[in-house]
Amino acid sequence: MLGRISAFWARIEITLAALLAAGVTLLILLNVVTRNIGAALFWVDELAIYAMVWMTFLGASAALHYGHTVAITIMTDRLPAAVQHVIARLVDAIVLGFALAMLWFCWLWFAPAALIGNGFDVEAFQGATFNFIYAEPTATLGVKKAWVWLAMPVFALGATLHALANMLGRSPLPQEAAE
Amino acid sequence: MTPLIFIFQLLIAVPVAIVLALTSVWYIWESGNTVLYASFAQKMFSGIENYGLLAIPLFMLTGELMNEGGMTRRLINAARVFVGGFRGGLAYINLLANMFMAAIIGSATAQIAVMSRAMVPEMEKEGYDKGFAAATTAAGGLLAPVIPPSMMFVIYGVLAQIPIGDMFLAGILPGLLLSVAFAGVIALVGFRKGFPKGRWYNSPEAVSALLQCLPAMLIPIAIIGGVLFGIATPTESAAVASLIAFVIGWLVYGEFKPGALFGIFKRTAVNASMIVFMIAAANVFGWVIIYEALPQKLAALITSVTSDPFLFLLIVNVILLVVGMLIDGIAAIILITPILLPIAMTNYDISPYQFGVVMSLNLVLGLLTPPVGVGLYIASTMSGVSPGGILRALWPFLIAVGLVLILLSRFAWLSTALIG
Amino acid sequence: KDFRLGLITPPPHIWTKAAEAFGAELKEKSGGAHSVTVFPAQQLGNEAEMLQQLQTGALDMAFMTVAEVSNRAPDLGAFYAPFLASDISHAGRILRTDTAKGLLDQLPAKAGVVGTGYGMAGLRQIVARGKIDSAADLAGKKIRITPFTPNLDFYNALGAAPTPMPLPDVYDALANGQVDAIDMDAELIWVLKYYENADTVLQSDHMMFPMVGLVSAKVWAGLSEEDRAMIGEMMARHVDGTIDSYVAKEQPWLDEIRGVAKTYKVVDASFFADAVAKWNTIWEAKAPATLEALRKAAQDTAQ
Ligand code: NA
Ligand code: NA
């Protein structure tokens with residue numbers, strides 16, 4: 001079940017990431033065209049950067065599901081299959097640890113409990129927490145930066161989901177399966 | 001404790017990006033400065049909030065579109081016109097075509113994959129030793145990250161906070177030097193073993209090959225001309241190159257279907273996010289170690305050994321050679337730049353451009369050295385020669401790279417002369 | 001305690017020197033009880049990131065542009081009223097008034113930081129590719145700015161496309177035409193040679209560019225009364241010293257630039273046609289009280 005949700009979510013992440021990659025390309029081309037006809041648009045650079053950042057974190061989360069990650073396998077490749085299997089589970093656990101840590105860091109940063117506790121009153125929230133995340137503006141887009149920063153909790157949640165599914169979904173040790 | 005955690009994670013094949021992030025988490029914990037955790041996610045985000053990094057997905061897109069659009073084959077045919085008739089002509093064609101491609105492609109592995117498939121069977125057909133054919137192609141791939149554009153230089157430029165256009169300029173002379181060194185190796189090998197003689201194209205063939213190649217030549221012109229003549233930034237020129245590659249592959253060569261576009265964007269997103277995410281993690285890592293003033297402490301150690309910049313660079317070269325044998329080049333540059341660059345600049349007054357060129361060339365060399373040599377394995381897969389078979393013919397090229405590295409370490413102007 | 005002090009300027013810059021002098025004096029006067037490690041050149045992140053680190057207490061101190069702080073305390077934007085100061089020394093006198101100092105009182109609540117006092121950089125000028133004969137020549141052009149609302153409002157009022165861009169990219173962007181013009185101070189125009197790729201340098205003196213010395217409010221709360229008094233006074237004195245440095249150096253820099261620029265023009269408010277009036281209308285709605293108070297302070301300190 002968890003495996004199916006993880007696969008489904010990874011497909012959505014990859015599709016969105018591909019659309020964002022196309023968006024980056026179009027925005028940069030738009031930049032070249034508008035500047036050369038003397039009608040430059042000031043918000044394009046910032047939007048293109050955010051599109052790339054979202055593409056990155058969506059793609060990085062999906063990579064945990066598909067196993068598309070750069071790792072140094074020089075030592076593990078030489079080990080017997082059974083040991084490799086144990087190590088793979090240890091790596092799964094470490095990746096899950098990372099995902100949970102990211103979730104916790106996002107919790108500290110977005111402080112959702114304090115925001116709700118203050119009835120979504122940003123001024124009161126800031127006074128109580130010294131946390132100014134909801135006051136930060138974007139440079140040119142006219143929206144609050146917190147909307148863009150949502151990439152991080154989305155990434156943390158996706159990574160946690162995929163890591164959990166990997167860990168629970170792995171087949172048992174080869175010899176156990178044989179018994 | 002932190003270095004042990006770091007190495008242990010690397011050895012059990014935890015993804016490199018996650019090794020960097022978790023080592024930072026651990027280090028913060030150990031140093032007791034846990035207030036940094038509240039900024040951790042934001043720092044990871046802001047580490048890649050960078051205009052220059054947009055070039056990475058765009059260069060990858062250009063490479064994908066060129067492969068699908070049939071441009072590579074036509075570039076090789078054009079190279080035939082110039083050197084095809086010499087003894088060993090096809091070996092020089094291989095080198096020349098690799099120089100052409102290097103002016104378009106920003107990544108060595110992409111170039112080795114494309115060129116091995118195209119060149120090795122041709123050389124074998126004409127009677128070359130297959131191992132030598134694969135070795136020449138693999139070595140030629142090392143030009144990709146040195147001759148601009150270069151993904152490695154983009155990443156280095158972002159980490160070093162220097163203009164990427166200037167970093168590209170810094171690669172031109174070293175790229176030419178490397179090409180000359182490779183040509184020398186080919187000549188020497190030919191002198192000892194004797195190469196088959198190629199044939200010159202007759203005039204209609206030559207004209208046809210050049211005409212066929214003309215549209216494809218627009219791409220390097222768009223990239224280099226765009227940057228040098230101020231029409232576009234390096235980043236923008238990559239987008240323009242993608243557009244040209246798409247239009248030529250689709251409308252001029254007719255080898256490319258627009259329906260394939262979504263698949264291409266998907267591959268671009270997957271590959272680019274892998275690299276950019278590593279950069280995000282490396283930035284957090286760099287930030288944490290700067291908070292604890294770690295580079296300053298390491299600098300004290302190294303400066304107690306030598307105060308001579310050349311000697312320092314040689315030491316760095318040896319360290320990098322070992323690192324490059326074990327770790328893929330881009331991951332390595334991301335790991336090492338934040339630690340060594342401040343020392344090179346502050347304690348030895350080394351130009352960041354020279355340091356970037358030396359470091360990049362050294363680390364791409366690692367692509368061809370076992371035990372972890374991604375480029376070697378790609379060349380092997382694409383050509384059907386065993387890695388050992390390639391290595392037997394590859395070592396003269398590796399020595400040539402070593403000599404070029406020593407020259408680049410000794411003479412800073414090789415890297416800095418073209419920068420205004 | 002060893003305090004971490006961050007700023008965006010490179011090591012040889014006037015602000016960084018002031019930070020180091022502050023650190024040295026603090027160490028001496030506290031008898032070694034306190035010291036300061038300076039992190040220059042954005043080592044700890046850009047100003048937005050450093051401000052966030054000040055808020056969490058990860059960073060103890062910073063010398064920061066008022067521009068960045070005005071993203072959290074918007075009425076500080078009134079400092080950037082075009083042509084509020086008639087010249088660099090007038091700008092310095094405005095920053096030393098009680099009116100200006102009073103504006104720092106809101107910072108602990110609004111931005112989680114304590115402002116100890118003002119410093120400054122040079123007045124803003126415009127460096128452009130191509131000929132600029134009137135404000136109309138700037139319309140439709142891409143102009144690099146430091147991103148904060150008052151500056152954005154000014155260039156939008158001119159009909160230009162204001163483009164935020166980090167400093168290390170500016171030289172290239174101007175050289176290869178990614179931007180048509182830049183908004184910059186005399187020091188950097190001279191030191192970083194921006195005039196090399198420009199056809200026109202406009203000495204417009206259109207905005208002042210104040211800086212503020214900050215201490216994390218969380219860190220401040222943990223200091224003793226005596227430490228607060230000593231650190232507050234000492235930091236204020238060192239940031240204030242940068243005002244004297246710029247007043248002394250502004251004219252020599254401008255003279256150097258005039259000597260090498262292809263075209264050098266001195267212009268005043270009338271050059272910018274109705275853009276100044278448009279800006280005033282916007283800000284008379286955004287921060288009426290502060291704008292009026294600062295105008296009065298400017299009048300009182302005019303000579
Ligand atoms: Na290249
Ligand atoms: Na290697």
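Residues numbered from 1 in each chain as written. Chains lettered and ligands numbered in written order. Predicted model: local features only at pLDDT ≥ 70, side-chain atom pairs only at ≥ 80, totals over all residues. Heavy atoms only, no water.

**Quick word on the interface of chain A and chain C**
Quick reminder of the rule: Any pair of residues with heavy atoms lying within 4.5 Å of one another is described as a contacting pair. A quick way to say it: buried area is the sum, across both parts, of accessible area lost when two parts are put together, with a 1.4 Å probe. Two N or O atoms form a polar contact when they lie within 3.5 Å of each other; inside protein one atom must be a possible hydrogen donor and the other a possible acceptor, and for residues adjacent in sequence the pair counts only when both atoms belong to side chains. For helices the rule is a DSSP run of H or I covering at least 4 residues; for strands it is a run of E covering at least 2, with both sets numbered from the N terminus onward.
Opposite the 18 residues of chain A that make contact, chain C presents 24 residues. Between chain A and chain C, a total of about 1600 Å² is buried, with carbon and sulfur atoms accounting for 56% of that surface. For the chain A face of the interface with chain C, the top three residues by lost area are F42, F130 and F132 of chain A, together amounting to 38%. On the surface where chain A and chain C come into contact, there are two residue pairs in polar contact (both at pLDDT 80 or more). Of all the secondary-structure elements, those providing two or more residues to the side of chain A that touches chain C are α1 (2–36) and α5 (122–129) of chain A.

**Some thoughts on a nonpolar patch on the surface**
All names here are of chain B. Filter applied, for reference: A patch consists of residues exposed above 30% relative accessible area that lack any salt bridge, with like charges linked at up to 9 Å and nonpolar side chains (Val, Leu, Ile, Met, Phe, Trp, Tyr) linked at up to 5 Å. Method for areas: the Shrake-Rupley scheme with a 1.4 Å probe, in which residue coverage is limited to the protein chains shown. Any carboxyl oxygen of Asp or Glu within 4 Å of a side-chain nitrogen of Lys or Arg constitutes a salt bridge here. Partly exposed residues are those whose accessible area sits between 20% and 50% of the maximum for their type, while under 20% is buried and over 50% is exposed, using a 1.4 Å probe and protein chains only.
Taken together, the side chains of L243, V247, W250, L251 and V252 define a hydrophobic patch exposed on the protein surface, amounting to about 440 Å² of accessible area. With respect to the helices, strands and loops of the structure, L243 is situated in helix α12 (residues 234–252). What makes L243 partly exposed here is its relative accessible area of 41%.

**Considering empty space enclosed by the protein**
Any empty space left between atoms is shown by rolling a water-sized probe over those atoms. We apply this condition: A cavity, in this analysis, means grid points on a 1 Å lattice covering only the protein atoms where a 1.4 Å probe fits yet has no way out; a pocket is instead an open set bounded by protein on both sides within 12 Å along at least five of seven lines, and a residue lines either one if it has an atom within 4 Å of a point. Grid points are joined across faces, edges and corners, and a volume is the space filled by probe spheres set on the points. For this classification, the nonpolar set comprises Ala, Val, Leu, Ile, Met, Phe, Trp, Tyr, Cys and Pro, the charged set comprises Asp, Glu, Lys and Arg, and every other residue, Gly included, is treated as polar. For each domain, the first and last residues come from an automatic or database assignment.
Counted under the stated rule, the structure contains two cavities of 30 Å³ or more. Lining the largest cavity we find 16 residues, and of these T69 of chain A together with P15, A17, M274 and F277 of chain B sit closest to its centre. When contributions to the lining of the largest cavity are tallied by element, the ones reaching two or more residues are α2 (44–66) of chain A together with α2 (16–31) and α13 (261–291) of chain B. The element that contributes the greatest number of residues to the lining of the largest cavity is α13 of chain B, accounting for four residues. Here the residues of the lining of the largest cavity are counted per class, giving 13 nonpolar, three polar and no charged. Looking at which domains feed residues into the lining of the largest cavity, each of domain 1 (1–38) and domain 2 (39–416) of chain B supplies at least three. By volume, the second largest cavity is sized at about 40 Å³.

**Here we look at unusual backbone geometry**
Along the chain, P148 of chain B connects to P149 of chain B via a cis peptide bond; the corresponding omega equals 0°. By the secondary structure assignment, P149 of chain B is in the loop between α8 (130–141) and α9 (151–160). The backbone phi angle of F120 of chain A is positive, close to 60°, even though this residue is not glycine. Among the secondary structure elements, F120 of chain A is positioned in the loop between α4 (112–117) and α5. Positive phi, normally seen in glycine, also occurs at D205 of chain C, with a value near 50°. By the element assignment, D205 of chain C lies in the loop between β9 (200–203) and β10 (209–216).

**Thoughts on the confidence of the model for chain C**
The cut-off we apply is this: What pLDDT conveys is the predictor's confidence in a given residue, as a value from 0 to 100.
When pLDDT is averaged across chain C, the result is 92; 99% of the residues are at 70 or more. In the model output, the complex is listed with pTM 0.81 alongside ipTM 0.81.

**A closer look at the pairing of β9 of chain C**
Residues and elements named next belong to chain C. We apply this condition: Any two strands with at least two DSSP bridges between them are considered paired.
Neither face of β9 is left uncovered, since the one carrying T200 and L202 and the one carrying V201 and Q203 both have all their residues buried. By the bridge criterion, three bridges tie strand β5 (residues 124–128) to β9 in an arrangement that is antiparallel. The residue bridging I126 from the neighbouring strand is L202, located in β9. The pairing of β9 with strand β11 (residues 263–266) spans four bridges and is classified as parallel. Pairing of Q203 across the sheet is with V266, part of β11.

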